[in-house]
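Here are the chains, one letter per residue:
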Amino acid sequence: AVFTILGVVALRSWLRRRDSPSLWAALCFATLAVVVLAGRALPEEGQLATVLERLVVITILLFPYLLYRFTVAFAPSAPLLDIVITGATIGLTVWTLLLPGIPDEGEPTPTWFDVYIVAFAAHWGLVSAIAAGRFWRAGQGQPTVSRRRVQILSFAAMAMTGAVFLEVAAAESTSYVEIATSALAVVAGLAFLLGLAPPSALRLLWRRPEQERVRDAIQRLVAATSPEQVASDVLPPMARLVGARAAFLVDEDGNVFGS
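Residues numbered from 1 in each chain as written. Predicted model: local features only at pLDDT ≥ 70, side-chain atom pairs only at ≥ 80, totals over all residues. Heavy atoms only, no water.

**A closer look at the pattern of salt bridges**
Inference 1: According to the stated counting rule, one finds one salt bridge in the structure shown.
Inference 2: Close ionic contact of D82 with R69 constitutes a salt bridge, the shortest N to O distance being 3.1 Å. You can see D82 sitting in helix α4 (residues 79-98) and its partner R69 sitting in helix α3 (residues 47-72), a full 13 residues away along the chain. We note that D82, like R69, is buried. (Salt bridge = Lys/Arg side-chain N within 4 Å of Asp/Glu carboxyl O. Helix = DSSP H or I, 4+ residues; strand = E, 2+ residues; numbered from the N terminus. Buried < 20%, exposed > 50% of the residue type's maximum accessible area, 1.4 Å probe, protein only.)

Right, dumping it as structure tokens:
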């Protein structure tokens, strides 16, 4: 339910905005909803089950890549990093299609499958960590609401990675491992949802410190007696409110005062 709601929220956001970031977000979180729903509906045996199983694995594989593309829609990354991540994702996708088979739960795993799982987890962890780091850096110097949202998205990306690593690292899938994995995944899904569409009450709570600084700045503006005082007392909180790196004041004589 969490991942389906997350996919619907991301899709609604794209339909409303029709911009590049919301498109990548919709594609990214739709993959989670597809994986969850498809996993419930997969047939247990037959050629169709084999094909659908591989498609589900590829869909899971695409999630960190789409999350990375979501961050790139805000701020371009280094071309070499783009090439490496895209190439690794394509390579693992082809590798998934060429696998001789996927062992069922409880069956012994051959060496070639263990190597594939290690490569899969390494790709997921590395790309997710890069996306999480880009989310965190994107919030630096931004207004509180924007900063909190991308920080929550960064946490969610790492929580989802933790769920994948826990599942891969477990020697056997016990009930405790399944509970821990599901708990981490649900926490990640809720965090993604909170980062994408935080409730209005939470936004107001996040904005409260900045609103107090603005009220204080207005009082200082009323009491200011010179452009210099306005530049030193009023411009800094105004710049922080909108996430600006600098603010300038031009008086009636054309003199420029900055902060």
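**Some points on helix α1 (residues 2-17)**
Inference 1: The end-to-end C-alpha separation of α1 is 23 Å, in line with the 22 Å expected for 16 residues at 1.5 Å each.
Inference 2: Taken together, the buried positions of α1 are F3, L6, G7, A10 and S13. Seen from one end, α1 has its buried residues packed into an arc of 125°, which puts them on one side. Structural note: α1 exposes R12 and R16 on the side pointing more than 90 degrees away from its buried face.
Inference 3: Directly after α1, the chain includes R18, whose backbone phi takes a positive value near 60°. (Expected span 1.5 Å × (residues − 1). Arc of directions from axis to C-beta.)

**Notes on the nonpolar core**
Inference 1: Core analysis: the largest hydrophobic core is formed by 46 residues, its most contacted members being L6, F29, F63, L67, M160 and F192.
Inference 2: When near neighbours in sequence (up to four residues on either side) are disregarded, M160 contacts F3, L32, F63, W124, A185, A188 and F192. (Core = buried A, V, L, I, M, F, W, Y, C linked by side-chain atoms within 4.5 Å. Contact = heavy atoms within 4.5 Å.)

**Comments concerning the side chain of S77**
Inference 1: Note that S77 resides in the loop between α3 and α4.
Inference 2: Judged by its relative accessible area of 15%, S77 is buried.
Inference 3: Within the local environment of S77, its side chain forms a polar contact with the side chain of D82, the two groups lying 3.2 Å apart.
Inference 4: Discounting residues that sit within four places of it in the chain, S77 has contacts with Y68, V72, D82 and R134. (Polar contact = N/O pair within 3.5 Å; in protein donor to acceptor, adjacent residues only side chain to side chain.)

**Considering unusual backbone geometry**
Inference 1: For R18, which is not a glycine, the phi torsion comes out positive at approximately 60°.
Inference 2: Take R18: it is sitting in the loop between α1 and α2 (20-41).

**Some points on a nonpolar patch on the surface**
Inference 1: On the surface, a nonpolar cluster with roughly 400 Å² of combined accessible area is contributed by I90, V94, L97 and L98.
Inference 2: Relative to the helices and strands, I90 is located in helix α4. (Patch = residues over 30% accessible without salt bridge, like charges linked within 9 Å, V, L, I, M, F, W, Y side chains within 5 Å. Areas by Shrake-Rupley, 256 points an atom, 1.4 Å probe, with all protein chains shown as cover.)

**Things to note about the packing of aromatic side chains**
Inference 1: Considering all chains together, one arrives at ten aromatic pairs under this definition.
Inference 2: Both rings, one in F63 and one in W124, keep their centres 5.5 Å apart while their planes meet at 25°; by these two values the pair is stacked. A residue pair is termed long-range when its members are at least 10 positions apart, and F63 in helix α3 and W124 in helix α5 (residues 111-138) qualify at 61 residues. Taken individually, F63 and W124 each receive the classification buried, so the pair is uniform in this respect.
Inference 3: When the ring of F63 is compared with that of F192, the centres are 6.0 Å apart and the planes differ by 80°; the resulting orientation is edge-to-face. Taken together, the residues F63 in helix α3 and F192 in helix α7 (residues 175-196) connect sequence positions 129 residues apart.
Inference 4: When its relative accessible area of 0% is taken as the criterion, F192 is described as buried.
Inference 5: Over the ring of W14 we find R18, and its NZ or CZ is 4.5 Å from the ring centre. (Phe/Tyr/Trp six-rings, centres within 6.5 Å; stacked < 30°, edge-to-face > 60°. Lys NZ or Arg CZ within 6 Å of the ring centre and 35° of its normal.)

**Notes on the packing of helix α6 (residues 144-169) against α7**
How two helices sit against one another is set out by the angle between their axes and by the gap between those axes.
Inference 1: The interhelical angle for the contact between α6 and α7, taken along N-to-C directions, is 160°, at an axis separation of 8 Å. For the element pair α6 / α7, the angle class is roughly antiparallel. In the packing of α6 onto α7, the handedness of the crossing is left-handed. Contacts between α6 and α7 involve R149, I152, L153, F155, A156, A157, A159, M160, G162, A163, L166 and E167 on the former and, on the latter, V177, A180, T181, L184, A185, V187, A188, A191, F192, L194, G195 and L196.
Inference 2: Residue composition of the contact of α6 with α7, grouped by class: 19 nonpolar, three polar and two charged. (Axes fitted to C-alpha atoms, helices over the stretch in contact; angles between N-to-C directions. Parallel < 35°, antiparallel > 145°, perpendicular 65-115°, else oblique. Left-handed = near helix turned anticlockwise from the far one by under 90°. Nonpolar A, V, L, I, M, F, W, Y, C, P; charged D, E, K, R; others polar.)

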